[in-house]
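# Fold and geometry: a report
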Amino acid sequence: CQQKYPDSPHLAQFQAQMLVHQGRYQEAETIYTQLLASHAELPDLRHEAAMLYRRQGAWERALALFRDELSADSTDDRAVTGVSESLIQLGRYKDAVDLLVPRFSNSPAPLWAALDLSLACQKLDQYEKAIAVLSRAEKAYPHEKSIHFRLMRLYTLTNQMDLAHKEGSLFAGANKP
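Notes on the structure in this doc start here. (Residues numbered from 1 in each chain as written. Predicted model: local features only at pLDDT ≥ 70, side-chain atom pairs only at ≥ 80, totals over all residues. Heavy atoms only, no water.)

## Describing the packing of aromatic side chains
The full count for this structure, using the stated rule, is 2 aromatic pairs. Seen from their ring centres, Phe-149 and Phe-171 are 5.3 Å apart, and the 50° between their planes marks the pair as tilted. Of this pair, Phe-149 sits in helix α9 (residues 145-157) while Phe-171 sits in helix α10 (residues 161-173), and the two are 22 residues apart along the sequence. By relative accessible area, which is 35% here, Phe-149 ends up partly exposed. (Phe/Tyr/Trp six-rings, centres within 6.5 Å; stacked < 30°, edge-to-face > 60°. Helix = DSSP H or I, 4+ residues; strand = E, 2+ residues; numbered from the N terminus. Buried < 20%, exposed > 50% of the residue type's maximum accessible area, 1.4 Å probe, protein only.)

## Re the environment of Thr-156
Topologically, Thr-156 is positioned in helix α9. Its relative accessible area of 40% is what places Thr-156 among the partly exposed residues. Sequence-wise, Thr-156 and Ala-113 are 43 residues apart; in three dimensions their C-alpha atoms are separated by 22 Å.

## Some details on α9
The end-to-end C-alpha distance of α9, which contains 13 residues, comes to 18 Å, matching closely the 18 Å that a straight helix rising 1.5 Å per residue would cover. Residues of α9 that are buried: Ile-147, His-148, Leu-151, Leu-154 and Tyr-155. For α9, the arc enclosing every buried residue in end-on projection is 130°, short of the 170-degree limit, so these residues lie on one face. Lining the buried residues of α9 we find α7 (111-123), α8 (127-140) and α10. The positive-phi residue at the C-terminal boundary of α9 is Asn-159, with phi of around 60°. (Expected span 1.5 Å × (residues − 1). Arc of directions from axis to C-beta. Contact = heavy atoms within 4.5 Å.)

## Some points on helix α2 (residues 25-38)
End to end, α2 covers 20 Å across 14 residues, agreeing with the expected 20 Å (1.5 Å per residue, within 8%). The complete set of buried residues in α2 reads Ala-28, Glu-29, Ile-31, Tyr-32 and Leu-35. All buried residues of α2 lie within an arc of 165° about the axis, which places them on one face of the element. Exposed positions of α2 whose direction lies more than 90 degrees from the buried face are Gln-26, Gln-34 and Ala-37. In this fold, the buried residues of α2 make contact with α1 (9-21), α3 (45-56) and α4 (59-72).

## Examining the pattern of salt bridges
With the rule as written, the count across this model stands at 10 salt bridges. One salt bridge connects Glu-85 with Arg-54, and the closest N-O pair in it is separated by 2.6 Å. Separated by 31 residues along the polypeptide, Glu-85 in helix α5 (residues 77-89) and Arg-54 in helix α3 bring together distant segments of the chain. Connected through shared salt-bridge partners, Asp-44, Glu-69, Asp-76 and Arg-78 make up one network. (Salt bridge = Lys/Arg side-chain N within 4 Å of Asp/Glu carboxyl O.)

## Observations concerning the environment of His-143
Structurally, His-143 is set in the loop between α8 and α9. In this structure His-143 comes out as exposed when scored by relative accessible area, which is 51%. When the C-alpha atoms of His-143 and Gly-173 are compared, they prove to be 8.4 Å apart, with 30 residues separating the residues in sequence.

## Considering the nonpolar core
Note that soluble globular proteins tend to have their nonpolar side chains buried in a common cluster. In terms of nonpolar packing, the biggest core is built from 46 residues, with Tyr-32, Val-83, Leu-99 and Leu-100 touching the most fellow members. If sequence neighbours within four positions are ignored, Tyr-32 has contacts with Gln-13, Ala-16, Gln-17, Val-20, Leu-45, Glu-48, Ala-49 and Leu-52. (Core = buried A, V, L, I, M, F, W, Y, C linked by side-chain atoms within 4.5 Å.)

## Here we look at the side chain of Ser-118
Its location among the elements puts Ser-118 in helix α7. Classification of Ser-118 by relative accessible area gives buried; the value is 2%. From its side chain, Ser-118 meets the backbone oxygen of Leu-115 in a polar contact 3.0 Å long. Here Ser-118 is in contact with Ala-130, Val-133, Leu-134 and Arg-150, once residues within four sequence places are set aside. (Polar contact = N/O pair within 3.5 Å; in protein donor to acceptor, adjacent residues only side chain to side chain.)

What follows is the structure in structure tokens.
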């Protein structure tokens, strides 16, 4: 294919994907950088490059690409997830709260969003807000162990030991048939 279509950006993107799967990140990064400069309109290009940076722990670079992706499509859940995770990894908890609260305040949040938002609130010492986020998520995901565990910890931090013990029991019994 490369001989027949040597200048195909789609083939270059595919080659970068294969290099990532082979663990050849530097080579893939070079191709993604070139494609972003010349063919940024390629489907999933920003996301693939951002995921490569995520895999490498290059959170600032991942964040920049996830934000570009989100700017291109404000309804892209993958981009919101990537921005949120990057902000959490970078310790930018206020920015994570600012991203997630408007998106999920009026509807049940996906589990990842509830967990990220509660963690960000906890890191900002907003324990009651973190508890409220997880309590709401618990209604949508009653058997999710991570919610019960985090609620147990938050109740312990806020010296609400009866509630902490209740969540500890729920955590121990969660996901059992």
